[in-house]
Amino acid sequence: MFRNTKISNAVRLAVMFGAVGTTAAFSATTMAAEEEEAKKVERIEVTGSRIKRTDVENASPILVMDREAIDVSGQISIGDILQKIPAAGAALNTAFNNGGNGSTNMDLRNLGSQRLLVLVNGRRWVSSLGATVDLNTIPTSAIERVEVLKDGASALYGSDAIAGVVNIITRKDFEGVELSSYVGENMSEGDGRQYTAEMTLGTSTDKGGILFNATHTTQQPIWAGDREVSSVGYSSTGMNTRLGVSASTLSAANQAAMIANGYKTTTATSGRYDLMTKEGTGAATGLDKFRQRAAGNGDNYNYAPDNYLVTPQNRNAFYVQGYYNLTDDLRLVSDFVMTNRKSAQELAPMPVTLGAAFGAAASRVDIHANNIYNPFKETLYGHASRAKAAGYATYNPYSLQRRMVEAGPRRYNQNDNTYRGMVGLEGAFGDSSWTWDAHYIFGQNSQDEKTTGLLNLTRINSALGANCNASTACVPLNLFGGPGTITQQMLDYITFDSIASSGSELKDYAFNTSGELFELPSGFMGLAVGFERREETGYDNPDPLTVTGESSGNQRDATAGGFRLDEAYAEVSIPVLENLLISPAVRFSDHSSYGSNSTAKVGVEFRPIEDLLVRSTWAEGYRAPSLSNLFAGNSDSYTGLTDPCNTLTAAGAPITLDLSKVPGCAGVPAGYRQSNPQIRVTQQSSPDLKPETSTSQTIGFVYNPSWLDGAELTVDWYDIEVEDSISRIGAGIILAGCATGGPSSEFCGLVDRDSNGNVVDLRNGLQNQGTLHVQGVDTYMAYRLPETSFGTFKTYLDFSYVTDSEIDDEEYVGVQWGDAGYPRLKGSFGVDWMLGDWDAHYTARYVHAMKGFYSYTYGVTGADGYTERLPTYVIHDISVGYNLSDYNTKLTFGVENLFAKEPKPEGLNNGFSASTNNFSVTEYDVNMDRFVYLRATMKF
């Protein structure tokens, strides 16, 4: 026998069978249809208010999905389910191969995952160094329902609740055994297989109850090369060695040899040879083994077939929770979760990029005349300063690119462990309405990452140097032979596996109490107060070669740090009239890093008639700087920038520049020419950061017409503005600000130059400087038809219409920017049906048309003059379920993306894609195939 909490029963009675297709969501206010039933249950705490109440509606817009909705969603991760709701924005998921780490986050309204608070049973979950929560650490089969609060709630819940709150409620009072399995794969391609095995056991008595849950999940990969839209992605670094060298920097004999072999310089390359090694030359080298580089993409490397489109992972989770009634008024509660995730990403083989054009680290490498494979037999210098020291008056450094295909692809393997334990007490003060709870939480997340296929630049420098031979235990490197000529001995000398580790730790202590203060003419005044202390620490330990900058990956320093946050809050509910309730709240916070701040919130509920609830909220919010914001070690990036102090073009032609108008260039030598278009930028954290702040407003209504039983309409307007957003100044802004502001400006203190005028370091730190603004309307309409002989039907429409989505006053509504899409309209339409042991569900998910990033930003148009438009995208999902009553078994068969819809490639002619896969993996389905699945659940 299975029993559920009274609130869950009230929810089920309200929505009958609750599932709304793959969006797996219904408005919390649907429950109003069964208001009388809800009022019979005990007072409960609903997300959006700390004061316990008998009804499930409050001033804040809340979206709820129950157990049935989760089961029929066709998804195995609660993160994937949440990412499909119309209000969701772009967030990390397992389709992020380049830049992903196996986790799945949640975002509301494109305000960033770090600005959404994730709770489990009203308590904080373990987050990353960047303050985001991997939802894959929460086993889906242990979830009873999810409540998504869609307005600011920092006054009630603290930091990070700027965009809203996701509160995951686990299953309670569970009795019996439930076994569930799921398997699915793409119908045409037969890839992307997913399967799960889940077991839930529970028992309860008058004194207590306990629940165990164990889950195994496997997700197999999809390769980008196996889908037409993602099968092409070009890089100028190919299998053959590409060499750029200026004729003027070669000896007279080599210049003559180059001419004799028919090589030509071009205006496009500023008097440089643009060469490729010939195919089929084997290990042989020589000036006759080159050819001119082909135009277009002929010599470019297609990296896409080497990349995952969906990354693989295996997850194992164990969850246990229990309670024990110590007395009639005192209960001991506890839960514990342990999850392990093994995930991977795979990229094309590592490129070797040498010479000043590819950054400071690459400019350290010279190809010495004594390297036995150097066909020029003269030293090619990676930086002009060393050439000048060797006697050259002027020198244009060489550039060299080559994919290390012999070393195989780069693979990033994570072993991620999450532990979280909570122990608490819940009690009541005698026969009064007052209740209290206290808890202690300890949580820990750790990740070990092994990366293969990386290169040791120090070893490469030695392998191309003057004294590389057996006596120096050095293996000379052949970068001038044909593809496939780099031997295993060479690879063993220059490649290495990187081992890195990172982690975070949470300690949380809290006490809350709520109840009725006294009775007013229109009802009881309620009060909730609470105190919380949160301590977080974290670390990031990169591989030693990454720390020293010897890796072909970007340099990164180690990270370690922590903070303490003490907070107190109070919330009051004031029944001004029988049909008017006002709920103000305030929170005071004291942070060990930045000091104190306070936030407030006010909610208003007005019911002019029984069928209509008008509601509104105004709230202040804040986000405390994350561990990585405050303490992350410095890391390198190489940004393409034009130095405003540059006085010569790459070809040596003078640039007219009045240095008197650029005082920041006063110390730059006359005739300075920028040698490297990619300037080293050091990304910095800052322990001096202050919290981001926000103001949010919502106004809406809920209408449940008594004249049309089963119908519901909710409309909520929202407006959220984030100020002092934590962001980087911008390398270009720093360079320009130094040039115009002069040596005493704050910007020049962030720029270091060498004696030749070259920028050798630019420190781009985090500051409280950005602004974000979003505005729009969320609408939900549903109608549950009267029961007929053909079954019970429910239809719904859930959509989010965005009027503004601004970043630093620039509007992005209607723009597809890489994997972050800003569609004006997203929605879901669904029909649910139930008859006896049968049920069926249909959902259409809609994404409105957008402009491509390049056409929007640069005005790029196609040959026929049109500006790129990514068309409206609609996906259809269906599922059918049958209850084998005699065996207590439910079977569900479903198809996602019924018509195998593919998105249009981003970028005109696929040439200007801002995303890795030529389409957004957050707005569109990544499998682009019919995904068929079968779920079986047995209860006994």
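The sections below set out a description of the structure shown in this document. Small disclaimer: the values here were computed from a predicted structure and weren't measured.

### Notes on the pattern of salt bridges
A complete count under the given rule lists 38 salt bridges for this structure. The salt bridge involving Asp191 is made with Arg227; its shortest N-O contact spans 2.9 Å. Pair noted here: Asp191 is in the loop between β7 (176-186) and β8 (194-204) and Arg227 is in the loop between β10 (222-223) and β11 (234-235), with a separation of 36 residues, a long-range link. What makes Asp191 buried here is its relative accessible area of 12%. When salt bridges that share partners are traced, they join Arg533, Glu535, Arg564, Asp566 and Asp590 into one network.

### What to know about a nonpolar patch on the surface
Together, Val183, Tyr195, Leu891, Phe893 and Leu934 make up an exposed nonpolar region whose accessible area comes to about 410 Å². Its location among the elements puts Phe893 in strand β45 (residues 889-896). Taking the relative accessible area as the measure of exposure, Phe893 reaches 45% and is therefore partly exposed.

### Quick look at empty space enclosed by the protein
The full count for this structure, using the stated rule, is 16 cavities of 30 Å³ or more. Estimated volume of the largest cavity: approximately 620 Å³. Residue lining of the largest cavity: 34 residues in total, with Gln75, Lys84, Tyr924, Asp925 and Val926 positioned closest to the centre. Of the residues contributing to the lining of the largest cavity, the split by class is 13 nonpolar, 14 polar and seven charged. Estimates place the volume of the second largest cavity at around 210 Å³. Considering the residues around the second largest cavity, the lining is formed by 24 residues, among which Arg124, Ser127, Asp160, Arg534 and Glu536 are closest to the centre. Elements represented by at least two residues in the lining of the second largest cavity include exactly β3 (116-120), β24 (495-520) and β25 (523-541). Here the residues of the lining of the second largest cavity are counted per class, giving 13 nonpolar, six polar and five charged.

### Here's the deal with unusual backbone geometry
You will see that Asp173, though not glycine, has its phi angle at about 50°, which is positive. Tracing the backbone through its elements, the reader meets Asp173 in the loop between β6 (164-170) and β7. A residue is classified by how much of its surface remains accessible, and Asp173, at 27% relative accessible area, is partly exposed. With a phi angle near 55°, Asp724 is a residue other than glycine that sits in the positive phi range. Along the polypeptide, Asp724 turns up in strand β33 (residues 711-728).

### Considerations on the environment of His876
Looking at where His876 falls in the secondary structure, it is placed in strand β44 (residues 873-884). The partly exposed category is assigned to His876, whose relative accessible area is 21%. In this structure the C-alpha to C-alpha distance between His876 and Arg845, which are 31 residues apart in sequence, comes to 6.5 Å. Other than its neighbours up to four places away in sequence, His876 contacts Tyr842, Thr843, Ala844, Val895, Glu896, Asn897, Leu898 and Phe899.

Rules and cut-offs
Residues numbered from 1 in each chain as written. Predicted model: local features only at pLDDT ≥ 70, side-chain atom pairs only at ≥ 80, totals over all residues. Heavy atoms only, no water. Salt bridge = Lys/Arg side-chain N within 4 Å of Asp/Glu carboxyl O. Helix = DSSP H or I, 4+ residues; strand = E, 2+ residues; numbered from the N terminus. Buried < 20%, exposed > 50% of the residue type's maximum accessible area, 1.4 Å probe, protein only. Patch = residues over 30% accessible without salt bridge, like charges linked within 9 Å, V, L, I, M, F, W, Y side chains within 5 Å. Areas by Shrake-Rupley, 256 points an atom, 1.4 Å probe, with all protein chains shown as cover. 1 Å grid on protein atoms, 1.4 Å probe; cavity = no way out; pocket = protein on both sides within 12 Å on 5 of 7 lines; lining within 4 Å. Points joined across faces, edges and corners; volume = space filled by probe spheres on them. Nonpolar A, V, L, I, M, F, W, Y, C, P; charged D, E, K, R; others polar. Contact = heavy atoms within 4.5 Å.

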